[in-house]
Amino acid sequence: LGVAARDAALDQTQETVARAQVDAAQQLAASVGRALDDMERVLAAQMGNFRLDTAPDEARTALLVSTWRLFPEVAILLLLDADGVELVPAVYGANADEAGVHDVVSQDRLAAFRGSLPLATMPVTRLAPVLHEGERSAVLPLLFVSPHGDGLVLAAELSLRPLARDLLRAREGDRTTMLLATNGAVLLAGGRSVPFDPVSLVPLLRSAAADARVEDDYLVGTALVPDREMAVAVVDPASVTDEALAAVERPTLYVGFIALVAAVIGGGLLGRSITVPVEQLREATQAVGEGALDRRVNLPGGDELGELGRSFDQMTDRLAASIKEIEDKRAIIDRYNRELEQLVSERTAQLVE
């Protein structure tokens, strides 16, 4: 029972730890999804609140600059016409002084962003995340088409770095949190680096359900970001599970050991309470069989063995009484025989005379 309780406790603890890992991944995935959705709603609202087709270039530039300054997640903003031609200069931070809390954008990065933009036909077009060379966090290109039918498009490159700082930083111990593309590419990471290749998680990332698994001595919980081709992975060393299992196993083993000792002691006392009276009954039976009819066991208690001892004593008493009665009758018969023998002798002597 102790071993079974230990195994059940270990299984439940493993399930609890895995469920907590998955819950953490789901919470972070929901937070990432909400943050990106909020940014998309704000940028889409900017296109809907202003008639940029008739606004002067100064007003267009002012809108881009104010939007860029308001949101540190925005790295680059472009305003394009239906043919993809820039209407006003791009807004971005070219150096650390200009960028401030934003990403510093090089000319190469700006050119790569411009060259990757397709013609937008949907109200909001999400492009695949891009991880620039030398960068630790990816960017998310987005296109917002004006709802006024003028064909204007707001192109924005969102940096995921603020998410790494605010949402995906490791909150406890050796935990690592990562935002992954469904192909296993690391879009951003927070906390300690892990030695295993996230590409091995691709089958897990492409499933619709959140899950947890052990990967190269690491416990990994994953969850998909809602409505996006991204997933969050929460990674803890497998030793976290080992510590939790040990914390459950040690008390269980202690309780099992105490129960075993108690069972041995209780079993010994119970066995002694049975074997000692049985041994007394055996010895008394043997003695009575050898003729010691005065032998009694005198077992105390009201249990079955006590009743058996009292029945044995009563049987011995009746047996002794019966034997005494038989001996008394035998003595009477012997006396009668002697008297009869004497009478016969006397009558025989008389007859001889």
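Residues numbered from 1 in each chain as written. Predicted model: local features only at pLDDT ≥ 70, side-chain atom pairs only at ≥ 80, totals over all residues. Heavy atoms only, no water.

Notes on the overall build of the protein
Item 1. Broken down by element type, the protein carries eight helices and ten strands.
Item 2. Computed over C-alpha atoms, the radius of gyration of the protein comes to 48 Å, more than 25% over the 20 Å expected from 2.2 N^0.38 for 353 residues, which places it beyond the range of a compact globule.
Item 3. Dimensions of the protein, computed from C-alpha atoms along their principal axes, come out at roughly 180 × 35 × 30 Å.
Item 4. Scored against the burial criterion, the 353 residues of the protein give a buried share of 36%.
Item 5. Contacts spanning at least 24 positions in sequence make up 53% of the contacts within the protein whose residues lie at least 6 apart.
Item 6. Of the roughly 20400 Å² of accessible surface on the protein, 56% is carried by carbon and sulfur atoms.
Item 7. Taking the average location of the 33 positive side-chain charges in the protein and that of its 53 negative ones, the two points are 6 Å from each other. (Helix = DSSP H or I, 4+ residues; strand = E, 2+ residues; numbered from the N terminus. Rg over C-alpha atoms; globule rule 2.2 N^0.38 Å. Buried < 20%, exposed > 50% of the residue type's maximum accessible area, 1.4 Å probe, protein only. Contact = heavy atoms within 4.5 Å. Areas by Shrake-Rupley, 256 points an atom, 1.4 Å probe, with all protein chains shown as cover. Lys, Arg positive; Asp, Glu negative; His and termini not counted. Charge placed at Lys NZ, Arg CZ, Asp CG, Glu CD.)

Quick look at the sheet that holds strand E5 (residues 153–159)
Item 1. Here five strands make up an open sheet; going across it, the order is E2-E1-E5-E4-E3 and the pairing antiparallel. Only two strands of the sheet have a single partner each, and these edge strands are strand E2 (91–92) and strand E3 (124–126).
Item 2. Lying on the sheet, helix H4 (residues 107–115) is in contact with strand E1 (74–80), E2, strand E4 (139–145) and E5; it crosses E1 at an angle near 50 degrees. (Pairing = 2+ DSSP bridges. Axes fitted to C-alpha atoms, helices over the stretch in contact; angles between N-to-C directions.)

Quick notes on unusual backbone geometry
Item 1. Unusually for a residue other than glycine, Asp227 sits at a positive phi of about 65 degrees.
Item 2. Tracing the chain through its elements places Asp227 in the loop between strand E9 (218–224) and strand E10 (230–237).
Item 3. Under the relative-accessibility criterion, Asp227 is labelled exposed at 71%.

Topic: the nonpolar core
The tendency in soluble globular proteins is for nonpolar side chains to be buried as a group.
Item 1. Grouped together as the largest cluster of nonpolar side chains are 39 residues, with contacts concentrated most on Leu77, Leu160, Leu179 and Val232.
Item 2. The element best represented in this core is helix H1 (residues 2–49), accounting for nine residues.
Item 3. Setting aside chain neighbours within four positions, we find Leu160 in contact with Leu36, Ser137, Ala138, Leu179, Leu187 and Leu188. (Core = buried A, V, L, I, M, F, W, Y, C linked by side-chain atoms within 4.5 Å.)

Considerations on helix H2 (residues 57–70)
Item 1. For H2, with 14 residues, the first-to-last C-alpha span of 20 Å sits near the 20 Å given by 1.5 Å per residue.
Item 2. Where H2 is concerned, the buried positions are Arg60, Leu63, Leu64, Thr67 and Trp68. Each buried residue of H2 sits inside an arc of 125 degrees when the element is viewed along its axis, so together they form one side. Pointing more than 90 degrees away from the buried face of H2 are the exposed residues Glu58, Arg69 and Leu70. (Expected span 1.5 Å × (residues − 1). Arc of directions from axis to C-beta.)

What to know about the confidence of the model for the protein
It should be kept in mind that the predicted coordinates are not to be read in detail where pLDDT is low.
Item 1. For the protein, the mean per-residue pLDDT works out to 83, and 92% of the residues sit at or above 70.
Item 2. Put simply, strand E8 (residues 211–215) is where the protein has its lowest mean pLDDT, 72, and E2 is where it has its highest, 94. (pLDDT = per-residue confidence, 0-100.)

Quick notes on the pairing of strand E6 (residues 176–181)
Item 1. Counted residue by residue, E6 has six buried out of six residues, so it is predominantly covered.
Item 2. Judged by which residues are buried, E6 turns out to be covered on both faces: Thr176, Met178 and Leu180 on one side and Thr177, Leu179 and Ala181 on the other are all buried.
Item 3. Where E6 and E10 come together, six bridges link them in antiparallel fashion. Across the sheet, the residue bridging to Leu179 is Val232, located in E10.

Here we look at the side chain of Arg60
Item 1. By the element assignment, Arg60 lies in helix H2.
Item 2. For Arg60, a relative accessible area of 10% corresponds to the buried category.
Item 3. Excluding anything up to four places from it in sequence, Arg60 contacts Leu52, Asp53, Thr54, Ala55, Leu79, Leu87 and Val88.

Quick word on a nonpolar patch on the surface
Item 1. Together, Phe257, Ile258, Val261, Ile265 and Leu269 make up an exposed nonpolar region whose accessible area comes to about 510 Å².
Item 2. Mapping Ile258 onto the fold places it in helix H7 (residues 238–289).
Item 3. Residue Ile258 is classed as exposed on the basis of its relative accessible area, which comes to 56%. (Patch = residues over 30% accessible without salt bridge, like charges linked within 9 Å, V, L, I, M, F, W, Y side chains within 5 Å. Salt bridge = Lys/Arg side-chain N within 4 Å of Asp/Glu carboxyl O.)

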